[in-house]
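# Residue-level structure breakdown
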Amino acid sequence: MSKTSMKAKQLASQLIPRYFKFFPTLSTDAFHAHVDCIEDGDLGVRVQAIRGLPLFCKDTPDMISKIVDVLVQLLNTEEPVERDAVHKALMSLIRQDPKASLTALFTHAGVTPTTDDQIREKALNFIRDKVFPIKAELLKPQEEMERHITDLIKQSLEDVTGEEFKMFVDFLTSLGIFGGKAPQERMQELVEIIEGQADLNAQFDISDTDHIDRFISCLQLALPFFARGAPTSRFLNYLNNHIVPVFDKLPEERKLDLLKALADISPYTTAQEARQMLPSIVQLLKNYMPARKTAEEMNFTYVECLLYAFHHLAHKVPNATNSLCGYKIVTGQPSDRLGEDFSEVNKDLTERLTTVEDLTKTTMKKLTQGMSELNKAMSAAKTDEEKGSIKTKKQNTTSGLRTCNNILAMTKPLHAKVPSFIGDTNMNLSWKEVTKPLASATTTTIGGKRPANSNNGSGNNGTAKKRRGSSGMPTQLVNKAFEGISSYGSGGGNRSQGRRRGGRGRGHW
């Protein structure tokens, strides 16, 4: 059709799809002629040909897959009018036959040896911007189509970036089959999807920071589903067996993120998981709680995370702390080990708790003084830049004070021979956004009856919806607030938030 006039080509683009079904013996030639119009140098001809593509499928539905493939390749166009025609043509096909069209479209969302990354990105953007927002219109019958698109998404997750994975998980959680009334098995299905992305079957390599980032990010994505009853065992087993034993060897900038993740997941453990995890947590606590005031530094945020995790794990299996901490908790079980002498263990723990409290109170005093100075500086600040800098320092100082208050709230009950362990999620951890306090924040006293929900982790899950390990507070760690104030405040690290194509050989999460 190279020598045909523009008007003739536009006419052909209208007539070929309309009469295509009447000439089956010429179908191949006719379709190739139409594709020639799509590839024409004239924009008007191309747009007319693109608009005609959905018409092929009205009477020949088995062509949907082929037409979708053609349209996806055209998503890469830079012409706004042409791109709009492609979007409308694709949406026309999806409305015409959602199941077949979405199946064809999602073949371009996955990764194969021949995948064009640019085309794949355009296809994903189209799915995110055009398909997902009108899911209620497209996914009918609802349960059947929601299950179908869930299966399509699962097939597309072989190699995705952190951002792409979160997009898919967010969409899945918006579906009715995973909604508020969904059974526990559906929550487990979502967690299994996330577990697959976290590479929990892979051998842990301490130098593979991408895998560490992916593990933390996936754990945080799974938190809302743990709160709704999904099992935590695979994440906890991997954490306990592979990561905690080499914690000291991890890059500094990953340690705090892992401890935050540990704190976040601790309310949702079972009693059996808590019993397995407690020895490792107690040892980490001893590593980061100095026995006496020396030049040894204490990272306040590490201690906050570990104390929080310790409380929640001990709340599930209180008598496990008898041998680990020298307590005298009676449950009537052989695991109480009341006949054994753990007084030295308790003495060591008490000394460490006292040292931590002394350091924390000293730091709180300095932070409070620092806040007073910052308030004066804010009143005297004249430029927006100065005010912005002071505001950031005030936020860090506030976060530091919250850390100190949390530490004191968690160490105080641990001095008793029969301590009270915190078993709810009412405490606002320093890196999370402040929530309105509940009418009463309770702790469970050992020996008394536990609330019915004490083992299921129900309550405020502190879900980490920010991307991949980011926190509600600014990403500067709380110890930034301690710089120049306390010799015991050491700076932690924070992970880069902007991860690119991740895992399995495609860059970083």
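All residue numbers here refer to positions counted from 1 along the written sequence of the relevant chain. Per-residue local features are limited, in this predicted model, to residues with pLDDT of at least 70; the limit for side-chain atom pairs, both in listing and counting, is 80 or more; totals at the level of whole chains, interfaces and linings are taken over all residues. Side-chain figures throughout are based on the complete set of non-hydrogen atoms in the structure, without hydrogens or water.

On to the overall build of the protein. A run of H or I in DSSP counts as a helix once it spans at least four residues, and a run of E counts as a strand once it spans at least two, with each numbered from the N terminus. A tally of helices and strands in the protein yields 19 helices and 2 strands. Taking the contacts inside the protein whose residues are at least 6 apart along the sequence as the reference set, 72% of them involve residues at least 24 apart. The method behind every accessible area is Shrake-Rupley, applied with a 1.4 Å probe, and residues are considered shielded solely by the protein chains displayed. Taken as a whole, the protein presents about 23700 Å² of accessible surface, with 50% of it coming from carbon and sulfur. We call two residues contacting when some pair of their heavy atoms lies within 4.5 Å.

Once that is clear, we can look at the packing of helix α12 (residues 209-227) against helix α13 (residues 233-243). Comment: axis = line fitted to C-alpha atoms, over the contacting stretch for helices; angle = value between 0 and 180 degrees taken between N-to-C directions. Relative to each other, α12 and α13 sit at 150 degrees, their axes nearing to 11 Å. Considering their axes alone, α12 and α13 lie roughly antiparallel with respect to each other. Our pair here, α12 against α13, has a crossing hand that is left-handed. Here H211, F215, C218, L219, A222 and F226 of α12 come into contact with α13, specifically with F235, Y238, L239 and I243. Side-chain classes are defined by residue name, with Ala, Val, Leu, Ile, Met, Phe, Trp, Tyr, Cys and Pro counting as nonpolar, Asp, Glu, Lys and Arg as charged, and the others, Gly among them, as polar. Among the residues making up the contact of α12 with α13, the classes are represented as 9 nonpolar, 1 polar and no charged. Comment on the angle field: the value is read as roughly parallel under 35 degrees, roughly antiparallel over 145, roughly perpendicular from 65 to 115, and oblique elsewhere. Left-handed is the label given to a crossing in which the near helix is rotated counterclockwise from the far helix by less than a right angle, and right-handed is the label when the rotation is clockwise.

For the rest of this paragraph, the subject is the confidence of the model for the protein. Scored from 0 to 100, pLDDT reflects the predictor's confidence in each residue. When pLDDT is averaged across the protein, the result is 84; 84% of the residues are at 70 or more. The secondary-structure element of the protein with the lowest mean pLDDT is strand β2 (residues 444-445), recorded at 36, while helix α16 (residues 300-316) shows the highest, at 97. Counting contacts from residues 437-507, a segment whose pLDDT is below 50, to residues more than four positions away or on other chains yields 182 contacts.

Our focus in this paragraph is the packing of aromatic side chains. Ring geometry is summarised as follows: Phe, Tyr and Trp rings, the Trp one being its six-membered ring, pair when their centres sit within 6.5 Å, and such pairs are stacked at plane angles under 30 degrees, edge-to-face over 60 and tilted between the two. Under the counting rule described, the total for this entry stands at 14 aromatic pairs. With a centroid separation of 6.3 Å and an interplanar angle of 85 degrees, the aromatic rings of F204 and Y238 are classed as edge-to-face. Taken together, the residues F204 in the loop between α11 (184-197) and α12 and Y238 in helix α13 connect sequence positions 34 residues apart. For the exposure calls, accessible area comes from a 1.4 Å probe over protein chains only, and a residue counts as buried if that area is under 20% of its type's maximum, exposed if over 50%, partly exposed in between. Look at F204 and you get buried, because its relative accessible area is 13%. Taking 5.6 Å as the distance between ring centres and 55 degrees as the angle between the ring planes, the aromatic pair formed by F215 and F235 counts as tilted.

Before going further, it helps to examine the pattern of salt bridges. Here a salt bridge means any side-chain nitrogen of Lys or Arg lying within 4 Å of a carboxyl oxygen belonging to Asp or Glu. In total, this model carries 22 salt bridges according to the counting rule given. The shortest N-O distance in the salt bridge between R95 and E137 comes to 2.6 Å. Of this pair, R95 sits in helix α5 (residues 80-96) while E137 sits in helix α8 (residues 135-138), placing them 42 residues apart in sequence. Here R234 makes a salt bridge to E195, at a shortest N to O gap of 3.5 Å. Placement of the pair is R234 in helix α13 and E195 in helix α11, with a sequence separation of 39 residues. E195 sits in the buried class, given a relative accessible area of 7%. Among the charged side chains, a network of salt bridges with common partners joins R147, D151, K154 and E189.

This part takes up unusual backbone geometry. Residues K140 and P141 are joined by a peptide bond in cis, for which omega reads -5 degrees. For P141, the position within the fold is in the loop between α8 and α9 (142-155). One non-glycine residue with positive phi stands out, namely D199, at about 60 degrees. The exposure class of D199 is buried, given its relative accessible area of 18%. Positive phi is not limited to glycine here, since R337 has a value of about 50 degrees. Within the fold, R337 resides in the loop between α17 (321-325) and α18 (343-380).

Turning to a nonpolar patch on the surface, a few remarks are in order. For patch building, the residue pool is restricted to those with more than 30% relative accessible area and no salt bridge; the joining distance is 9 Å between like charges and 5 Å between nonpolar side chains (Val, Leu, Ile, Met, Phe, Trp, Tyr). Judged by side-chain polarity, L11, L15, Y19, F22, F23 and L26 come together as a nonpolar surface patch covering roughly 580 Å² of accessible area. Note on placement: F22 falls in the loop between α1 (6-19) and α2 (27-38).

Here the focus is the nonpolar core. Counting 142 residues, the largest nonpolar core has L71, L102, F106, F132, F215, F235 and F310 as the members making the most contacts within it. The contacts of F106, once residues within four sequence positions are left out, are I127, F132, I149, L152, I153, S156 and F168. Side-chain atoms within 4.5 Å are what join buried Ala, Val, Leu, Ile, Met, Phe, Trp, Tyr and Cys residues into a set we call a nonpolar core.

The terminal C-alpha atoms of α12, which comprises 19 residues, lie 27 Å apart, in line with the 27 Å expected from a rise of 1.5 Å per residue. A maximum bend of about 35 degrees is found in α12 at L221, where proline P224 lies one to four positions downstream. Backbone geometry just after α12 places G229 at a positive phi near 105 degrees. Each helix should span, by expectation, one fewer than its residue count multiplied by 1.5 Å. Two axes enter the bend calculation: one fitted to the seven residues ending at the residue in question, the other to the seven starting there, and the bend is the angle between them.

Looking at the secondary structure, you find K88 in helix α5. Note on K88: relative accessible area 56%, which makes it exposed.

What follows concerns α11. With 14 residues, α11 ought to run about 20 Å at 1.5 Å a step, and its terminal C-alpha atoms sit 20 Å apart, in line with that. M187, E189, L190, V191, I193, I194, E195 and Q197 are the residues of α11 that are buried. Next to the buried residues of α11 lie α9, α10 (162-173), α12 and α13. One or two positions beyond α11, positive phi appears at D199, with a value near 60 degrees.

The residue L236 is located in helix α13 in this model. Separated by 38 residues in sequence, L236 and A274 have C-alpha atoms that sit 9.3 Å apart. Sequence-distant contacts of L236, defined by excluding residues within four places in its chain, comprise I265, T269, E273 and M277.

Between α5 and helix α6 (residues 98-106), whose axes approach to 5 Å, the crossing angle comes to 130 degrees. When the axis of α5 is compared with that of α6, the two are oblique. Contacts between α5 and α6 pair L93, I94, R95 and Q96 from the former with P98, S101, L102 and L105 from the latter.

Right, let's talk about the environment of A409 for a bit. Positionally, A409 belongs in helix α19 (residues 384-411). Judged by relative accessible area, which is 40%, A409 ranks as partly exposed. Sequence separation between A409 and L307 is 102 residues; the distance between their C-alpha atoms is 10.0 Å.

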